[in-house]
Structure formats: C-alpha cells, structure tokens
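Spelled out from the first residue to the last, the chains are:
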Amino acid sequence: MEKAVDPKPNLSMEEANALAHRLYGFTPSQMSSLPSYLDQNFLVVSPEGSKFVLKIMSAEESKKDAHLEIQNLTLAFLGERGIPVQKVLPTTAGTLMSMEEIDCGHGALTFCVRLMTFLPGKSIYDSQVTLQDLYQVGKFIASLNQTFQQLDLANSDALDLSNDPWNLLNVAKVQDFLSVMDGDPLQEVILGVVKAFQEDVLPKVGSFRKGIIHNDLSDQNILVTPALNGHHNISGVLDFALMKTSCIVFEVAVSIMYHMLSYPRPLDVGGAILAGWQSVMVLNEEEKDSLYLLVLGRLCQSLVYGRDNVKKHPYNAEYLLRTAQNGEWVLKMLWELGKEEVLKKWFSDLTMFS
C-alpha cells in the first residue's frame, strides 16, 4: 500500500529565508521557528527591525483557495473595526498570498505562503491569567462574534465545512480514529460522550443560532500582555484557518474547553468565560443545556485527533499533544461529575462577575 504524502510543510531555515527574499524583497536579519499544528510558521525580522510571521499553510489547507481569500478579507475587515488581528502584507507582485510548489522530501506540493504582521504579547497558554482575565476573554470572543455577523461575503459557501472532522456536529467521527486509544480506559469515556452527544445535543441543533464563527478561540490563539495588579489585556487573536458558518454556541464551548486546560482550577473557567460572553450575548435555553456536552465533544476531538496526528507527524508531538497534558484528566473529571453538577457550577458562578 502506497504511503500517504505528508501535507505539512517542512522547510529549512535557509529555504524560508530564501522564500522571504524572493516573495517580499528583503533578507531577514533574524529568523526563528514558531509553534504550529499542521502548517509552518517563522518569526522573521526585517533589516529595519520590524517583526513579521511567514506562514506556510499545509498542502491540504492550501487547496482551499476560496477559504484562504475569505480569511484575508476577514482579517482586513476585523482590523478596520479595531479587533487586534494580523495584517496580511502583499508580495512584491502585489498579491496577498503566493501558491508555491515546494518539495519537502516527498515530491513537490503546493503550499500557500503569506507574510503577516507580528502581534505583541504571549498566548494565554504561556501566561498566568486570572479569572477576571477569563471574564474579559468571554466578553472579547462574544464581541468578536458579533463583528463576524456583519461580514458580507460574496463566496460564503466556502465557509460551509460541514464534513470537517473538527466540526462539532461531527463528534461521532472520532470513532473512526479510536484505534489510537486502544488499551486506554479513556476510550470508554469517549464512546460515552459520543453516545450522549448524539442523544442529547443533536436533537437540539435546530434551536441553536447560526452564523460565522472563528471556531478555534483556544488558549494558544488569544494573546495577552501584562496589565496592573496581575491582570492582562487582550492584544491579539490568531489563526482563522477553521472559521466557518456554524452554530454560534460552539464558539463559547470551544473557548471554555481549551482554557480549562491551562488554568489551575479548570472548573472555575466555565463560569468566568460564560459571564463575559453573556454580558454581550445571552445563550438560549437549548444552547445552555447543551454546553456541557459541547465542551466534552470538542475535548474528545482534540485528544483523539491529536494522537492520530502524532502518528503522522511524530516530530511535532510536543505541540500536537498539548491538549493531552491536562485534557485526559479534565475529561475524566467532567464526565464523572456529570452534566447537572458541571452546569450548576458554571451558571451559579455567573453571579461572581455581575
């Protein structure tokens, strides 16, 4: 059986340097690798000292040219409205992205290359944030979501990623990859979550409000800078590769899930982010009732797909398994507590921020 071609770019520092020079007309004075999931990012510094991110998308994502164009349009739209996002810079030919044929060791593949401005701050994953900071995160992502809904896209069909394994409506797809969990007791928990999701969440989807969502507002995609009294200010939001038209409640569920993994008291996270979200946009009763299983569903996706991708990209294991570091015990803890107890905790905590 022929081995599948790895779609992840794997350029050397010298190759990335040459790419920056050829496409953007300058030779970086400094260059270093940045962490990434399935694409490849380099921090580049111009001779004048300006910082940029050279972003090379995976070969699979690079095929979605309409979606990439929407990402570029969205970044410009959000930036004009004061949302701290990266700006995509044109090549010397005047284009916002360049499709490059590159051989990373297994034949030439086409990769989308973009140069983007560098945003200040550290990710929440790398920062010691407070519950008040997480309240501000909830408020920020709700405001971001409201701004998304003002987008008027001529090619919005490109945001219909209904077959995407990361779509929360497709939680059951993790069963196709569960062999990576063989021998792990967590496999039974994941199967239990999938069954409960299909029985309890899917029948309610018709009541969920729909719109454009970022779909990956994780602790690694929100940047913060230190403020007074140990708090932080939000300085940026990254990575619009998973944006789609879907259920708006997924936005807050995904954010709660990831931020639980980097906060020392995970159960406190839901109430803080929810309080901030609901100060801008109130969930309806069906959305509130589904939140527990939406959080668990995304956690199952992250754990299973993370392990599966490590098999394909073992050299990137540390980044791919970040969710697993705390995610496995968080999943067990939430499952053992049960829906009633967790939702009671989250929604009773709202009063702390009123």
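This one's a predicted model, so the numbers in the text were calculated from it and none came from an experiment.

(A) Spotlight on the overall build of the protein. Scanning the protein from terminus to terminus reveals eleven helices and eleven strands. Its C-alpha atoms give the protein principal-axis dimensions of about 60 × 55 × 40 Å. Considering only contacts in the protein between residues 6 or more positions apart, those separated by 24 or more positions represent 75%. Accessible area of the protein: about 15600 Å², with a carbon and sulfur share of 52%. If you average the places of the 29 positive and of the 42 negative side-chain charges in the protein, the two averages end up 3 Å apart.

(B) Representation of unusual backbone geometry. Even without being glycine, Asn-215 reaches a positive phi, approximately 80 degrees. Relative to the elements of secondary structure, Asn-215 occurs in the loop between strand S8 (210-213) and strand S9 (222-226). A positive phi is found at Asn-229, a non-glycine position, where the angle reads about 60 degrees.

(C) Inspection of the sheet that holds S9 at higher detail. The strand order S7-S9-S10 describes an open sheet built from three strands, whose pairing is antiparallel. Looking along the sheet, the strands with just one partner apiece sit at the ends: strand S7 (122-123) and strand S10 (232-237). Looking at chain direction, S9 and S10 are connected through five bridges and run antiparallel. Pairing of Leu-223 across the sheet is with Gly-236, part of S10. Of the strands in this sheet, S9 and S10 are in contact with helix H4 (residues 131-148), which crosses S10 at around 35 degrees.

(D) Structural view of empty space enclosed by the protein. For the structure on display, the rule yields two cavities of 30 Å³ or more. In this structure, the second largest cavity encloses a volume near 30 Å³. Taken together, Ile-124, Asp-133, Gln-136, Val-137, Val-224, His-232 and Ile-234 make up the full set of residues lining the second largest cavity. Elements represented by at least two residues in the lining of the second largest cavity include exactly H4 and S10. Looking at the lining of the second largest cavity, the element that brings in the most residues is H4, giving three residues.

Cut-offs used in this document
- Residues numbered from 1 in each chain as written.
- Predicted model: local features only at pLDDT ≥ 70, side-chain atom pairs only at ≥ 80, totals over all residues.
- Heavy atoms only, no water.
- Helix = DSSP H or I, 4+ residues; strand = E, 2+ residues; numbered from the N terminus.
- Contact = heavy atoms within 4.5 Å.
- Areas by Shrake-Rupley, 256 points an atom, 1.4 Å probe, with all protein chains shown as cover.
- Lys, Arg positive; Asp, Glu negative; His and termini not counted.
- Charge placed at Lys NZ, Arg CZ, Asp CG, Glu CD.
- Pairing = 2+ DSSP bridges.
- Axes fitted to C-alpha atoms, helices over the stretch in contact; angles between N-to-C directions.
- 1 Å grid on protein atoms, 1.4 Å probe; cavity = no way out; pocket = protein on both sides within 12 Å on 5 of 7 lines; lining within 4 Å.
- Points joined across faces, edges and corners; volume = space filled by probe spheres on them.

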